[in-house]
Amino acid sequence: MESIIVHHANENNLKNIDVVIPLNAFSCIIGPSGCGKSSLVYDTVYAESQRNFLESMSGNIYGQKLMDKPKVGEIRNLRPALKVSQQYYNVNPRSTIGTITDISYYLRTLYALFAKAVYNLNVNANYFSFNNPTSCCIHCKGLGEEYIVSEDLLIPDKNRTLENGGIIYYKGAKTSQNYKYLEALCEHFAIDMSKKILDLSMEEKEILLYRNKPLGFSIKFKTPKGRIKQKLITERGAMVELGELLKDIDIPSTFASISKYLVKTKCAYCGGNRLKANILDIQIVDKNISEVEKLSFEELVEWLDKVERNIHNLHSKELIGQLIFDIKRRVKNLIDLKLEYLALERKIPSLSGGEIQRVRLANQLSCSLAGLLYILDEPCKGLHYRDIDSIVRVTRALVEKGNTVIAIEHNKQYIAQADKIIELGPVGGPDGGYLIEDSKRKTNYAYEIEFKENTNIDKLICIDGINHHNLKGVNLQIPYGKVTCISGVSGSGKSTLARVVADCCEKRYPINCKKVSNIAKIKKVLYVNQQPIGKTPRSTVISYLGIYDSIRFLFASTEKAKAMGLSPSDFSMNVSGGRCDNCQGTGKEKIELTYLPDSYIICPECQGKRFHEDVLKVKYKGLNISDLLDRSIGEIKDLFDDIESIKSVLQCMVDIGLDYISLGQMSMNLSGGEAQRIKLAKYLGVKTKGENLYILDEPTTGLNGKDIKLLENILLKLNQSNDTILIIEHNIEFISHVADYLVDLGRKAGNKGGKTLIQGNPIDVIQNSESSWFDILN
C-alpha cells in the first residue's frame, strides 16, 4: 500500500524518528501528554503540507518564504491536509450551527422560492437572514436576545440587611458615596437599615428599587482615593437607575459597570425569533423560518418530509426538491454523529468542544473533495462510550471517499478500530519523542473498572426542582467533602447541571431551581473548564500562572541588572523596553494569509529569544530570561526551591504531569486537557484551608493512562483537605477509581432527556437499568 513516509523528524522533542503512515487508511497516534504526538502530526506533517501548498500557489510570484520548514529530513507522498482540531475560537454570537454548515443558507433559499410561488413575493435568500439589517428585529438587531436588569442579581441574598449590603447597588464602605446615599434615603423615608431584605414591606421595596421620582440629598462621602467630598446626589430607585444605564450598554465602560446585574433573556420585541413580524408571517407547512431553525435535527427531517409531500403543484418543485435533498443530507450527517438533539439556531460559542468538533466533522462529510489528508484531534472528546461508534463510522466514511485520516486519540474503543497504531513515548517532555510501537490494528481492548471502597456520607448538598435548558424538575444531591462524578450521554444535561450547582453555591441563592440547602460551608467555587487560557501569542503559561512578576523581580535584583539599570519591566514580554521591538516579546512573527489561518514564523530580529541582547546578558542561577522561558518546567523548578510562592505552583505543574511544558509556551498552542490542568495547578498552587467546591469539566480529555493516574493522585490530595469535587466525565475507568458518588443523567439527550437522574453509590448507579452505563459490566 502506498504511504506517507516521514524521514528524520526532529521537531520539538522528536528524536529523529522515521514514520510510515498508510494512505487511504485510518491511523491513530497515541502516547502520553507531551510525548511528541502534536509535534509529529501538526508541527511536522500538517505544517509541511501547508507550507508546500502556500509556496506553490500562483499568487506567490516571488516564491518568498511564507512559513518555516519543519525540522524533518523529508516527507514523501504528502497530501493537502485539513485539520479538525479542538482549538476553535469562534465567539461570534451570530454564528450558529445553521450558518457554519450552510444549512441556513439552503433553508433561506427554500423560503425565498416558496415566497415567490405562494405569496407572490420576489425576494432572495438574504431576505430571511437575521444578519440582514433590513430584515432583522430592530430591537435586538437579529441576536434574538437582550440584557435585562435582574432583581435576583441585585439582591442575591434576601437574608442580608440593608446596612450589610443587601442591595448590591448600594454596597460599599460606610463612608462611600453609594452607602451614604442609601443612609440618607432610608432616613428620609424612615426605613430601618437593620432590616433584612426579606422583611421589607412592598412599599419600602418600591421606594428603594422602583421609585421613578428623583430624590436629591447633599451628602458627605469619601472617594476611593481617600478624599472627603460633599455634593448633591440625585437618583431614582436602583432598578430604574440601572435600567437607564442599560440604554448605553454598547459603551464598553457602561457594560463593565453594570454587567454583574444583567441576565440575558429572549428579546421582548421578537420573542427570540430575530426577524421582523412581516417576514415571520411567511410560512411553509405551518412554520416560519425561525420556528424551523428551533426544531431539533430529528424534528427538522420530519418537517422536510412534510414539505416534500406539498410541493407537487409548484412550478419550482424540482429546484425545491434538490434543496430539500441537500438539507436532509447535511442534517443526517449531524444526526449520524449523535447531535440529533441540537438545532440550527444553536449559537457556536454555546457548544462544547466535542460538539463543535463533530459539527465540523459533519461538514467534511458533505465535502465532495477526495485525496485529502484529514487530521483529527481527539475526535472522541466529550463522547460517552455509547457514542464512540458514530465517530468510527464517520472516520471510515472519510476513508471510503478516498481520503487519509490521522487521529490523535486516547479512547480505547476508537483506537481499536484503526488500520495502524503509532505509539510515541515513553514519557512527555525532553525524555519523550521516541517511536515506541508501529503496529497494525489491535482489537483486544477492555475497560479496567475498579471501584473505590464505600465511604460514609455525612452531609448532602441538596438542590431541588432544577429547571434549566433541558433539565425538567430534577432533584440533585451531592455529598459534602467527597468526589462526585456526573455522567450521561452527550447532550443529556451534564454541563447544565454543573452550572446550576456552581451558580447556587456562588450566589448562595436558588438559581434555575426551587430550593438549595447545606451550602453554607462552601467558601469558594472554582470552575475548571476546558476553555482556552489565551487566544493570542501574548498569552503564555507563565503569565497565566501568575508567577511572572516574582520571576522578573528576581532577575532585576541581580548585580548585573542593577549595574545596567534594568528594572523588572525590562524582563517583561508585554511592556516595551527590554523586549524585542519587532515581535513585541512573542518571539514569533505573524503572517496573515487571506482565506487561511494566520501563520507564525520565528522572529528574524531576535531569533525567537523575545528580548534585546543586553537583557539576555543578565542571568539568574546560570540562565537568562529567554532560557528560563524556553526550558521545560521539569528542568527549571529546582532553581526556585527557596521561593515558596513560585516553587509551589511549579511543583503542582510537575505533580499533574505538565513538567514537559515550558513557561514561555503560547497558551493558544495548548490542548484543552493541558489548559484545564494548568488551571487546576494554578488553583492548587495557592494553599487554602479546604471547604472549596471544585467543578472539573472532563479532566481526562487528552490524557492517557499514565497521565490519568497523576490526576487521580491530585484529586485524592484535594479530597483529603475537605474540598468538595464535582466532575463531569465520560471515562468509566476514571469514574470507578475516583468517585465516592455518581449522578447519571441516562441515555437520552436534548428535549428527550432531562428527566432521568440516577444517583448514589457508583456500583448501584451503573447497575440500574435506566443508567447510561447499564450494560458496560456485562
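Each remark here, short or long, concerns the structure printed above.
A. Focus on the environment of K171. Within the secondary structure layout, K171 lies in the loop between α4 (151–154) and α5 (177–189). C-alpha separation for the pair K171 and L629, spaced 458 residues apart in sequence, amounts to 43 Å. Dropping the residues within four chain positions of it, K171 is found in contact with R160, G165 and N178.

B. Focus on the packing of helix α12 (residues 317–336) against helix α13 (residues 353–365). At a minimum axis distance of 9 Å, the contact between α12 and α13 shows a crossing angle of 135°. Put simply, α12 runs oblique to α13. The chirality of how α12 crosses α13 is right-handed. Across the interface between the two elements, R330, N333 and L334 from α12 touch V359, A362, N363 and L365 from α13.

C. Looking closely at the packing of aromatic side chains. All told, the structure shown has 14 aromatic pairs when counted by the stated rule. Each ring, one from Y169 and one from Y170, has its centre 5.1 Å from the other, and the planes form 85°; the classification is edge-to-face. The pair formed by Y169 and Y170 is uniform in burial state, with each residue classed as buried. A centroid spacing of 6.0 Å and a plane angle of 15° characterise the contact between Y620 and F640, whose relative ring orientation is stacked. Here Y620, found in the loop between α20 (613–616) and α21 (625–630), pairs with F640, found in the loop between α22 (633–636) and α23 (644–655); they are 20 residues apart in sequence, far enough to count as distant. Accessibility assignment for this pair places Y620 and F640 in one class, buried.

D. Fine view of the nonpolar core. In terms of nonpolar packing, the biggest core is built from 72 residues, with I551, I625, F640, L663 and I678 touching the most fellow members. Per-element tally for this core: the top contributor is α23, with 6 residues. Residues within four places of F640 in sequence aside, it is in contact with I551, L554, Y620, L628, I646, K647 and L650.

Definitions and limits used
- Residues numbered from 1 in each chain as written.
- Predicted model: local features only at pLDDT ≥ 70, side-chain atom pairs only at ≥ 80, totals over all residues.
- Heavy atoms only, no water.
- Helix = DSSP H or I, 4+ residues; strand = E, 2+ residues; numbered from the N terminus.
- Contact = heavy atoms within 4.5 Å.
- Axes fitted to C-alpha atoms, helices over the stretch in contact; angles between N-to-C directions.
- Parallel < 35°, antiparallel > 145°, perpendicular 65-115°, else oblique.
- Left-handed = near helix turned anticlockwise from the far one by under 90°.
- Phe/Tyr/Trp six-rings, centres within 6.5 Å; stacked < 30°, edge-to-face > 60°.
- Buried < 20%, exposed > 50% of the residue type's maximum accessible area, 1.4 Å probe, protein only.
- Core = buried A, V, L, I, M, F, W, Y, C linked by side-chain atoms within 4.5 Å.

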